[in-house]
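Structural features, examined
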Amino acid sequence: MSKPDPDRYKLAADNRKARFNYAIDETIEAGIALQGTEVKSLRGGKAMIAESYAGPMGDELFLFNAHIPEYLEANRFNHDVRRPRKLLLHRRQINKLMGAIQREGYTVIPLKVYFNEKGRAKVELGLGKGKKLHDKRETEKTRDWNRDKQRLMKSGG
């Protein structure tokens, strides 16, 4: 799938360490079922999805351990901060992801939570496998080399 254009959406949460800790093979955009106070709180941009993951519950996929803080103006009608949130996907996509999780040992990691051009909350999910320590070192080495290369090219060296 194509990546969302950053000019057309408002980022609510970002999992920056996901691509460092996991080798992401494929990305999928999914809707997320939220309560009213969760939407208000997400628009504030304080959500954290660093330790969250997506997994099956029954025959549906849910987002677990995502932290959306309470909306301060909502008083007693507030939401539970870390409740499982249902992911809105087509049945074919759910079956594909569940098969990858169960048979092939993949993990479904949320990469971004954002609002699309219509104002709907979306989650960009990455299907990937965890990296070993030597893979992480290789990623860091490549990133450092690219940074040094850009510096050398910019200085004309």
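The preceding data block contains the structure.
Here's what I pulled together on the structure shown here. Just so it is clear, the structure is predicted and the values come from calculations on it, not from any experiment. (Residues numbered from 1 in each chain as written. Predicted model: local features only at pLDDT ≥ 70, side-chain atom pairs only at ≥ 80, totals over all residues. Heavy atoms only, no water.)

1. Concerning the environment of Gly58
Of note, Gly58 is situated in the loop between strand 3 (53–57) and strand 4 (60–64). Along the chain, Gly58 and Lys40 lie 18 residues apart, while their C-alpha atoms are 29 Å from each other. (Helix = DSSP H or I, 4+ residues; strand = E, 2+ residues; numbered from the N terminus.)

2. Concerning empty space enclosed by the protein
The tally for this structure, following the rule as stated, stands at 1 cavity of 30 Å³ or more. The computed volume of the largest cavity comes to approximately 50 Å³. In terms of lining residues, the largest cavity is bounded by Ile32, Leu42, Ala47, Ile49, Leu63, Ala66, Ile68, Arg85 and Val113. Looking at the lining of the largest cavity, its residues break down into 8 nonpolar, no polar and 1 charged. (1 Å grid on protein atoms, 1.4 Å probe; cavity = no way out; pocket = protein on both sides within 12 Å on 5 of 7 lines; lining within 4 Å. Points joined across faces, edges and corners; volume = space filled by probe spheres on them. Nonpolar A, V, L, I, M, F, W, Y, C, P; charged D, E, K, R; others polar.)

3. Section: the pattern of salt bridges
Taken as a whole and judged by the stated rule, the model has 7 salt bridges. Between Arg91 and Asp59 there is a salt bridge, and its shortest N-O distance comes to 3.9 Å. With Arg91 in helix 3 (residues 91–104) and Asp59 in the loop between strand 3 and strand 4, this pair connects stretches of sequence that are 32 residues apart. With relative accessibility at 48%, the residue Asp59 sits in the partly exposed group. A salt bridge links Arg151 to Asp148; its shortest N-O distance comes to 3.1 Å. One end of the pair, Arg151, and the other, Asp148, are both in helix 4 (residues 133–155), 3 residues apart, so they sit about a helical turn from each other. Each of Glu38, Arg83 and Arg85 takes part in a single network of salt bridges with overlapping partners. (Salt bridge = Lys/Arg side-chain N within 4 Å of Asp/Glu carboxyl O. Buried < 20%, exposed > 50% of the residue type's maximum accessible area, 1.4 Å probe, protein only.)

4. Some remarks on unusual backbone geometry
Phi is positive for Asn65, close to 65 degrees, though the residue is something other than glycine. Mapped onto the secondary structure, Asn65 falls in the loop between strand 4 and strand 5 (85–88). The exposure class of Asn65 is partly exposed, given its relative accessible area of 30%.

5. Considerations on the side chain of Ser52
You can see Ser52 is positioned in the loop between helix 2 (36–43) and strand 3. The exposure class of Ser52 is buried, given its relative accessible area of 5%. If we skip the residues at most four places from it in the chain, Ser52 touches Leu63, Phe64, Asn65, Ala66 and Pro110. (Contact = heavy atoms within 4.5 Å.)

6. Notes on the packing of aromatic side chains
Given two aromatic rings, their pairing is described by the distance between the two centres and the angle made by the two planes. Using the criterion set out here, one finds 2 aromatic pairs in the structure. For the pair Phe62 and Phe64, a centre-to-centre distance of 6.4 Å together with 35 degrees between the ring planes defines the contact as tilted. The pair Phe62 / Phe64 is uniform in exposure class, with both members buried. Among the aromatic residues, those joined into a cluster by ring pairs are Tyr53, Phe62 and Phe64. Of note, Arg43 hangs over the ring of Phe115, and the distance from its end group to the ring centre comes to 4.1 Å. (Phe/Tyr/Trp six-rings, centres within 6.5 Å; stacked < 30°, edge-to-face > 60°. Lys NZ or Arg CZ within 6 Å of the ring centre and 35° of its normal.)

Take it as geometry only, folks, not as evidence of what the structure does.
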